Amino acid sequence: MARLSDPVTILKGVGPTKAKQFAALNIFTLEDLICHFPRGYEDRTRLVTIEKLEVDRPACFKAMVMNTPRTAHIRKGLDVTKVQVADHTGRLNLTFFNQKFTTDRLQYGKEYIFYGAVSGDFIGYNMATPVFEELNAPPVTTRRVLPIYPLTAGLSNVAVVKAVEQALAICDVPAEILPQSVRQKYGILPAQRAYYAIHAPSSMEEAELAKRRLIFEEFFVFSAGLSLMRAARAGKTTPAYKHTDLKEFYQALPFSLTGAQSRAIGEIVADLRRGTPMNRLVQGDVGSGKTMVAVAAAYLTVKNSKQAALMAPTEILAEQHYKSLSKLLTPLGIRVCLLTGGLTPKQKKDARQLIADGQTDFVIGTHALVTDSTQFRDLGLVVADEQHRFGVAQRSALSAKGEAPHLLVMSATPIPRTLALLMYGDLEVCVLDELPPGRQQIDTFLVGESYRARINAFIRKQVDMGHQCYVVCPAVGENGDLDLKAATVWAETLQQTVFPDLQVALLHGQMKSTEKEQVMAAFARGEADVLVATTVIEVGVDVPNATLMVIEDADRFGLSQLHQLRGRVGRGDSKSYCILTTHNKNPETVARLKALCKTTDGFRIAQEDLKLRGPGDFFGSRQSGLPVFRVANLSCDLQTLQQAQQASKEWIEAEGTADTPEGAALRARIGQLFLRAQGTMN
Ligand code: ADP
Ligand code: MG
C-alpha cells in the first residue's frame, strides 16, 4: 500500500516528464492527484449495434475489423487511415487522421469496442476518429462515464484517468471526516465511495452524488471552522470596558454623526461592556462613514487603558488614516503611530518598540500588523478596514495575538448572501444604511472611444471650475495588450499633448510607497488637477474636491470594483460624475456596465457581479480572503452551502467541542483549510 503523501512518481508511467506536467497542475502527491477532480463527464455507457448508431450522437458499439487498416499519406502532416468494421447489423467505414500509430493496433478479424458518432456527410455511414479498446481490456475510454479533467500542455485526459485509477488502487482515499449522523440526515455519500465515484462513476447520477458530497464537505468544514472560531472566542473573557463616555470624542468631530453611525456605535459600546471579545462586522456602502465608527471604538479602548490597532488594506490608505486620525486624536491625548512596510527598517523598529512598551495607544498599519512579529503591550481592539482583503485566515491569526482582543471588521462592499455567510459566519453584523448628509448623486455614463474629445473637454471644464479629476487605467505600463490603457503612458500623453497647461500626476502600485504618499498628498492639497492612477486608489482615498472619475477600459474591472472606484468622487458638496469608457462591444459587457450607470445600490451591484463573474473575480482581485474551494462554486451551490451550514451548526451544538475521534479528524481538516487560506493570502 502507498501513502497519500507519496509522490506521484511512484506510479507506473509517471516519470520526470509527467511529474513536471502534474506539477503544473499543482499535483505532487497521490493525495493531490486523488483530489484533482474532474471538471465534467462524458457519458459513454450507451452500447448499441451499428444499425442503431445515430448521426452526431456518440455511442459505444462492438464490431469486428473487416480488413487491414490502410494509411495514405495525403500531404505533409496529413495521414489518413481507413478501415472497415462490421457487426451482425451492418458495416461501417472508419477514418482516422494522423493516428497511424494507434490504428496499427487494429487487427483484421478481431473484435473491439469502439466509441464515436457517425456523421451524415457521406454517402453511407462513416465515422471519423472513434476511440477503441480491446474487448477484454478494462474499460478506460469506452463503456463508462469518462471523467474530463483539467489538463495542461502535453498531459492527456487518458493519462490522468490512468494515473488516478492507479493511485486509487494502491492507496486509501482521504479519511472520512463527516460525522455519520450528518451523512445520514443529509443523504451524503461516505468519503470512500465519493472519492471512487467522482473519478469513476457508474452513472451520471452517481457522479452528481459524489460531487455533492465533496461540495458539502468543503462547506461543512469551512463553516464548522468558523463556528469553532466563534466558540473559541466566545469562551474567552476580557475585562469589560468601564469608561464608555464618548462626549469628548463627539465634541472633537467636525460633524455630527448620522443616525446609522450612532446606532452602530451603540451596538459596539454594548459589545465592549460585555466582558467577552466583540466579533462585529460593520457593513456600509462607500462613504457611509465607517471610519468614525471604528475610531469611536478605538477611542474607548484607549480610555480603558488598552491599545487599539487599525489594519488598512493598502499603505496609501494606512497613511491617509494615520494623517487624519492623528490630527483628530492627538489633541485628545491619544498617541497614534504608523506601522507599514514602507517605513525604513529603523522607523519600523522604533515603532515596534513604542508598541511593545505601551508608549503608543493607537497603531495604524497594513495587515503586516497581524502577520509580522509585532508585539503589543496590551492589545484591546483590532479594526480590519475593508476586510475582504484580510479574510478568515487573518482573523484566526489575530485571535492568537494578544489576550482575545475585540475585533471590528469594516466592509464597504455589500456582499451577496452566499459570500456573506461564508466570510462572516462568525461575526455579528451591523449595517450603515445611511450616507452623511449632503452627499452628491454621482451621474455615471458609459461611452466609446468616439467620445474622447468630449471627455477631455469635460475634464477641462471640471478643472476650470476649480475641481480635480481621477483617470483610472487597468494597467501600469506598456503590455502585450495594446488596446489596454496603461497609466504611465496615458499620463504622459495627457500631460504632453492634451493638457500641457494642467498638472497631471501619476500613481500606481509599482511606485515606492514614499513616492505614492507624496503624489497622494500633493493631489489632496490640490497641487495636481488630474491624477492618472491604477486601482491603488480603489479603497478609501478621500479627496472631496475631486468631482470626476474617468475609468478607462471599464470592462476590465469587476462591477463592485467600479462601484468602489466611483465612490472616490461625490465626497464634497459639488455635483460629481463618473465616465466609463470601453472598446468592448459585447452586448453582455455593455449591459453589465450600463447596470452600473443606472444604480448606485452597492448591494444590487454586488449580487449582479457575483452572478456574472464568480467569486474568484468578485472583488476584482484574486484574493477574496476565502479559502480556495476545489469543487464548490459559490455562485451556484447556494443550496448545498445552506445545508452544510445547517448541518455543521447542528453538529457543533450536539457534540460541542467534545473530543471524539470523529471530531479530531474534522478539526485537523479545518486546521489545514484555514492554513491553506492563509498561505494564499501572503
Ligand atoms: P467609508 O465608509 O467609505 O470608510 P469614510 O469613513 O471614509 O467612509 O467617510 C467618508 C467621508 O465622510 C470622510 O471624509 C468622513 O470624514 C466623512 N464623514 C463621516 N461621517 C460623517 C458625518 N456623519 N457627517 C459628515 N461627514 C462624515
Ligand atoms: Mg473606509
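Analysis parameters
- Residues numbered from 1 in each chain as written.
- Chains lettered and ligands numbered in written order.
- Predicted model: local features only at pLDDT ≥ 70, side-chain atom pairs only at ≥ 80, totals over all residues.
- Heavy atoms only, no water.
- Near = heavy atom within 4 Å.
- Polar contact = N/O pair within 3.5 Å; in protein donor to acceptor, adjacent residues only side chain to side chain.
- Areas by Shrake-Rupley, 256 points an atom, 1.4 Å probe, with all protein chains shown as cover.
- Nonpolar A, V, L, I, M, F, W, Y, C, P; charged D, E, K, R; others polar.
- Salt bridge = Lys/Arg side-chain N within 4 Å of Asp/Glu carboxyl O.
- Helix = DSSP H or I, 4+ residues; strand = E, 2+ residues; numbered from the N terminus.
- Buried < 20%, exposed > 50% of the residue type's maximum accessible area, 1.4 Å probe, protein only.
- Contact = heavy atoms within 4.5 Å.
- pLDDT = per-residue confidence, 0-100.
- Expected span 1.5 Å × (residues − 1).
- Pairing = 2+ DSSP bridges.
- Axes fitted to C-alpha atoms, helices over the stretch in contact; angles between N-to-C directions.

(A) Fine view of the site of ligand 1. Taken together, 16 residues sit near ligand 1, with Gly287, Lys290, Thr291, Arg439 and Asp542 positioned nearest. In the environment of ligand 1, an oxygen atom lies 2.6 Å from a nitrogen or oxygen atom belonging to the backbone of glycine 287. In the model, an oxygen atom of ligand 1 is placed 2.6 Å from a nitrogen or oxygen of the lysine 290 side chain. For ligand 1, the protein covers 83% of the area, taking 560 Å² as the surface of the free molecule. Here the shell around ligand 1 is composed, by residue class, of 4 nonpolar, 7 polar and 5 charged.

(B) Structural view of the pattern of salt bridges. Under the counting rule described, the total for this entry stands at 28 salt bridges. A network of salt bridges, in which partner residues are shared, links Glu176, Arg183, Arg213, Glu217 and Arg669.

(C) Examining the environment of glutamate 42 more closely. Here glutamate 42 is to be found in strand β1 (residues 40-43). Residue classification places glutamate 42 among the partly exposed residues on the basis of a relative accessible area of 29%. For the pair formed by glutamate 42 and methionine 204, sequence separation is 162 residues and the distance between their alpha carbons is 8.5 Å. The residues touching glutamate 42, leaving out its near neighbours within four places in the chain, are Tyr115, Arg144, Val145, Leu146 and Ile148. Here the side chain of glutamate 42 touches tyrosine 115 through a polar contact of 3.4 Å, side chain to side chain.

(D) Highlighting the confidence of the model for the protein. Per-residue pLDDT for the protein averages 86, and the proportion of residues at 70 or more is 89%. Averaged over each element, pLDDT in the protein is lowest for helix α21 (residues 602-618) (63) and highest for strand β20 (residues 468-472) (97). Counting interchain partners and residues more than four positions distant, the pLDDT-below-50 stretch residues 615-625 has 33 contacts. Note on residues 677-682: pLDDT is under 50 here. Beyond four places in sequence and across chains, it has 14 contacts.

(E) Spatial organisation of helix α10 (residues 290-303). Spanning 14 residues, α10 covers 20 Å between terminal C-alpha atoms, matching the ideal 20 Å at 1.5 Å per step. Most of α10 sits out of view: 12 of its 14 residues are buried. Along α10, the residues classified as buried are Lys290, Met292, Val293, Ala294, Val295, Ala296, Ala297, Ala298, Tyr299, Leu300, Thr301 and Val302. Following α10 by one or two positions, serine 305 has its phi on the positive side, about 60°.

(F) Focus on the sheet that holds strand β13 (residues 307-312). Spatially, the 7 strands line up as an open sheet ordered β14-β15-β13-β16-β17-β12-β18, and their pairing is parallel. Each end of this open sheet is capped by a strand with a single partner; those strands are β14 (336-339) and β18 (428-432). Averaged over all pairs of adjacent strands, the angle between strand axes in this sheet comes to 20°, irrespective of strand direction. Packing of helix α11 (residues 315-329) onto the sheet brings it into contact with β13, β14 and β15 (362-366), and relative to β15 it is tilted by some 165°. Here helix α12 (residues 345-357) sits on the sheet in contact with β13, β14 and β15, set at roughly 135° to β14.

(G) Representation of the sheet that holds strand β21 (residues 504-507) within the structure. Read from one edge of the open sheet, 6 strands run β19-β24-β23-β20-β22-β21, paired in parallel fashion. Edge positions in the open sheet fall to β19 (442-447) and β21, since each of these has one partner strand only. Geometrically, the sheet is characterised by an average inter-axis angle of 20° between neighbouring strands, direction not taken into account. Examined bridge by bridge, strand β23 (residues 546-551) and strand β24 (residues 576-581) share 4 bridges and lie parallel to one another. Within β24, the residue paired with methionine 549 across the bridge is cysteine 578. Lying on the sheet, helix α17 (residues 487-498) is in contact with β20, β21 and β22 (530-533); it crosses β21 at an angle near 175°. Along the sheet, helix α20 (residues 587-598) makes contact with β19 and β24, crossing β19 at roughly 160°.

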